[in-house]
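Residue strings, one per chain:
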Amino acid sequence: KAGVTQTPRYLIKTRGQQVTLSCSPISGHRSVSWYQQTPGQGLQFLFEYFSETQRNKGNFPGRFSGRQFSNSRSEMNVSTLELGDSALYLCASSGVSSSYEQYFGPGTRLTVT
Amino acid sequence: GESVGLHLPTLSVQEGDNSIINCAYSNSASDYFIWYKQESGKGPQFIIDIRSNMDKRQGQRVTVLLNKTVKHLSLQIAATQPGDSAVYFCNAGNMLTFGGGTRLMVKP
């Protein structure tokens, strides 16, 4: 069974731009969560989607948004990028039988200059 | 508020020794706890979990201990190997937040 895939793996943007990251969960998984990882703040939860609905949301500004499609693939968008948005963005999926066990993708490394 | 925290940011051990990584939590309502391992350049990987009605669970070379009285969780790695070098995160399963992580460095 293929794992969680994220595209692109690396991205460089400039301040003020917007970016869209993509995540394909493990086949059959309906929950997708997004995290931001930085050296200073560790892993911080952004939001979780289940069956195309946002189920949980972390404490991030409205510039961060996401969505999930009917095939469970998910995208997150960051508008008006700031230097502090430079981070590794991780996506994780989980299945119905063990919804607490998350399977992480390799992440997208976003650098904002 | 609810939080999951780790005691030591970096742990350095000799290859072959046992490692113990600690974690404190504040949410008494957590039903399960999970340890993840993150190697350089990769996403976190599930290692082992434990239900709140247990106090010990063993896996292959790893043991997780749960002390609900003091809200403490630990991960023990037996005969630590270079491949164990990584950042380890604990997570209270019904929270979507992680502690800052402990970096385990294994010296050959």
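Residues numbered from 1 in each chain as written. Chains lettered and ligands numbered in written order. Predicted model: local features only at pLDDT ≥ 70, side-chain atom pairs only at ≥ 80, totals over all residues. Heavy atoms only, no water.

What follows covers the overall build of chain B. Of the regular secondary structure elements, chain B holds zero helices and ten strands. Secondary structure elements in chain B, listed N-terminal to C-terminal, are β-β-β-β-β-β-β-β-β-β. Across the 108 residues in chain B, those meeting the buried criterion constitute 44%. Restricting the contact set of chain B to residue pairs at least 6 apart, pairs at least 24 apart contribute 53%. For chain B, the exposed area adds up to about 5,300 Å²; of that, 47% sits on carbon and sulfur atoms. (Helix = DSSP H or I, 4+ residues; strand = E, 2+ residues; numbered from the N terminus. Buried < 20%, exposed > 50% of the residue type's maximum accessible area, 1.4 Å probe, protein only. Contact = heavy atoms within 4.5 Å. Areas by Shrake-Rupley, 256 points an atom, 1.4 Å probe, with all protein chains shown as cover.)

It is worth spelling out the interface of chain B and chain A at this point. Counting residues at the interface gives 15 residues for chain B and 15 residues for chain A. Each partner contributes to the roughly 1,300 Å² buried at the junction of chain B and chain A, and carbon and sulfur atoms together form 59% of this total. Where chain B packs against chain A, one counts zero salt bridges. Between the two partners, chain B and chain A, sit two residue pairs in polar contact (both at pLDDT 80 or more). Broken down by secondary-structure element, the contributors of at least two residues to the side of chain B that touches chain A are β4 (32-38) and β5 (45-51) of chain B. Top contributing element to the side of chain B that touches chain A by residue count: β4 of chain B, with four residues. Split by residue class, the side of chain B that touches chain A holds eight nonpolar, four polar and three charged. (Buried area = accessible area lost by both parts, 1.4 Å probe. Salt bridge = Lys/Arg side-chain N within 4 Å of Asp/Glu carboxyl O. Polar contact = N/O pair within 3.5 Å; in protein donor to acceptor, adjacent residues only side chain to side chain. Nonpolar A, V, L, I, M, F, W, Y, C, P; charged D, E, K, R; others polar.)

Residues and elements named next belong to chain A. The four strands are arranged β1-β3-β8-β7 in an open sheet whose pairing can be described as antiparallel. Each of the sheet's edge strands pairs with one partner strand only, and the pair in question is β1 (5-7) and β7 (64-68). Averaged over neighbouring strand pairs, the angle between their axes works out to 20° when direction is ignored. Bridge count for β1 against strand β3 (residues 19-24) is three bridges, and the pairing is antiparallel. Across the sheet, the residue bridging to T7 is S22, located in β3. (Pairing = 2+ DSSP bridges. Axes fitted to C-alpha atoms, helices over the stretch in contact; angles between N-to-C directions.)

Once that is clear, we can look at the packing of aromatic side chains. Counted by the stated rule, this structure contains seven aromatic pairs over all chains. Measuring from centroid to centroid gives 5.6 Å for F104 of chain A and Y36 of chain B, while their planes differ by 85°, and the two rings are edge-to-face. Separated into two different chains, F104 of chain A in strand β10 (residues 103-104) and Y36 of chain B in strand β4 make up a pair that spans both. Residue classification places Y36 of chain B among the buried positions, given a relative accessible area of 0%. (Phe/Tyr/Trp six-rings, centres within 6.5 Å; stacked < 30°, edge-to-face > 60°.)

Attention now goes to the state of the cysteines. All names here are of chain A. Considering all chains together, one arrives at two disulfides over all chains under this definition. Between the sulfur of C23 and that of C91 lies a disulfide, 1.7 Å long from S to S. Taking the torsion about the S-S bond as the criterion, the C23 to C91 disulfide, at about -50°, is left-handed. Placement of C23 in strand β3 and of C91 in strand β9 (residues 87-94) is noted, with a sequence separation of 68 residues between them. For C23, a relative accessible area of 0% puts it in the buried group. (Disulfide = S-S within 2.5 Å.)

Pairing between β3 of chain A and strand β8 (residues 74-78) of chain A: five bridges, direction antiparallel. Counted as the bridge partner of L21 of chain A is M76 of chain A from β8 of chain A.

Let's shift gears to the environment of Q45 of chain B. All names here are of chain B. Here Q45 lies in strand β5. Residues Q45 and Y88, 43 residues apart in the sequence, show an inter-C-alpha distance of 9.3 Å. Contacts of Q45, omitting those with residues within four sequence positions, involve W35, Y36, K37 and E39.

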